[in-house]
Amino acid sequence: MLKNKKVFFLLLFLTLIFLLSGCNDNAKQNVVNHYLLLQGESETWSLTGYEVMLTPEKFKAGNGVLKMRYEENYLSEYFQFDTHAIINGEDVTVHSISAEYLNSENVGMDITEQHIMGMEMEKRLNANGNPITPKDINVIYMIVKWKDMNKGEYVEERIDLYNSQNKENAFLE
């Protein structure tokens, strides 16, 4: 009988240690990452597969493909895009790429399809000093600029990508 009590208490002790160690691990696993896959169009451009990821440490944006909608080969000496996010009412550039090119024959680069590389920013804090979450982001949009070589002037268009008021767009956790 004494032997059974020792075994019982030993099993009870090991069970309590196992349960308590499990509780400690659960407290450490409470990190949430947010992911958003975006697409949008303007009169000239179509953007697909653009990603935004929020972690407690970083804000990542990029990837995807930006294509001219009605052109197969379009040469320009200048191309730029800037992705903006309105975070807590402040317009912040979160991703930007530009290129200028003109060769000896005054011919530019083909800008009809741009494969966008990702970019990381340091974490941004909200008004409470915590890393931003989707609740802090109101709007995400992209401005595309290029030079129309035929007209000799710069053109700019906006592609709307995310609006917190639109229920179709949602961050995944």
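Presented here is an overview of the structure given in this document.

Rules used in this analysis
- Per chain, residue numbering runs from 1 following the sequence as it is written.
- The predicted origin of the model limits local features to residues at a pLDDT of at least 70 and limits the giving and counting of side-chain atom pairs to 80 or more, whereas totals for whole chains, interfaces and linings rest on all residues.
- With hydrogens and water stripped out, all remaining heavy atoms of the structure feed into the side-chain values.
- Each helix is a run of H or I in the DSSP string that is no shorter than four residues. Each strand is a run of E no shorter than two, and both are numbered from the N terminus.
- Residues are treated as being in contact if the distance between any of their heavy atoms lies within 4.5 Å.
- In these tables, accessible area is a Shrake-Rupley quantity obtained with a 1.4 Å probe, and a residue counts as shielded only by the protein chains included in the view.
- Throughout, exposure labels follow a simple rule: accessible area from a 1.4 Å probe, protein chains only, divided by the maximum for the residue type, with under 20% read as buried, over 50% as exposed, and the rest as partly exposed.
- The salt bridge criterion pairs a side-chain nitrogen of Lys or Arg with a carboxyl oxygen of Asp or Glu, the two atoms within 4 Å.

1. A word on the overall build of the protein
Here is step 1 of the chain: Scanning the protein for helices and strands turns up one helix and 12 strands.
Here is step 2 of the chain: Order of helices (α) and strands (β) in the protein, N terminus to C terminus: α-β-β-β-β-β-β-β-β-β-β-β-β.
Here is step 3 of the chain: Taking the contacts inside the protein whose residues are at least 6 apart along the sequence as the reference set, 61% of them involve residues at least 24 apart.
Here is step 4 of the chain: Summing over all exposed atoms, the protein offers an accessible surface of approximately 11600 Å²; the carbon and sulfur share of this is 51%.

2. Overview of unusual backbone geometry
Here is step 1 of the chain: Positioned with a positive phi, N63 is a non-glycine residue whose angle comes to about 65 degrees.
Here is step 2 of the chain: Looking at the element boundaries, N63 is found in the loop between β3 (58-62) and β4 (65-68).
Here is step 3 of the chain: Of the residues examined, N63 reaches a relative accessible area of 33% and is grouped as partly exposed.
Here is step 4 of the chain: Unusually for a residue other than glycine, N88 sits at a positive phi of about 50 degrees.

3. Considering the side chain of T44
Here is step 1 of the chain: With respect to the element layout, T44 can be found in the loop between β1 (34-41) and β2 (45-54).
Here is step 2 of the chain: Dropping the residues within four chain positions of it, T44 is found in contact with K67, M68, R69, W146 and E157.

4. Some remarks on the pattern of salt bridges
Here is step 1 of the chain: Within this structure, the stated rule accounts for six salt bridges.
Here is step 2 of the chain: With a shortest N-O distance of 3.5 Å, E41 and R69 are connected by a salt bridge. Remark: R69 occurs in the loop between β4 and β5 (75-76) and E41 occurs in strand β1; sequence separation between them is 28 residues.
Here is step 3 of the chain: Relative accessible area serves as the criterion here: at 32%, R69 is assigned to the partly exposed category.
Here is step 4 of the chain: The network of salt bridges with shared partners includes K58, K60 and E120.

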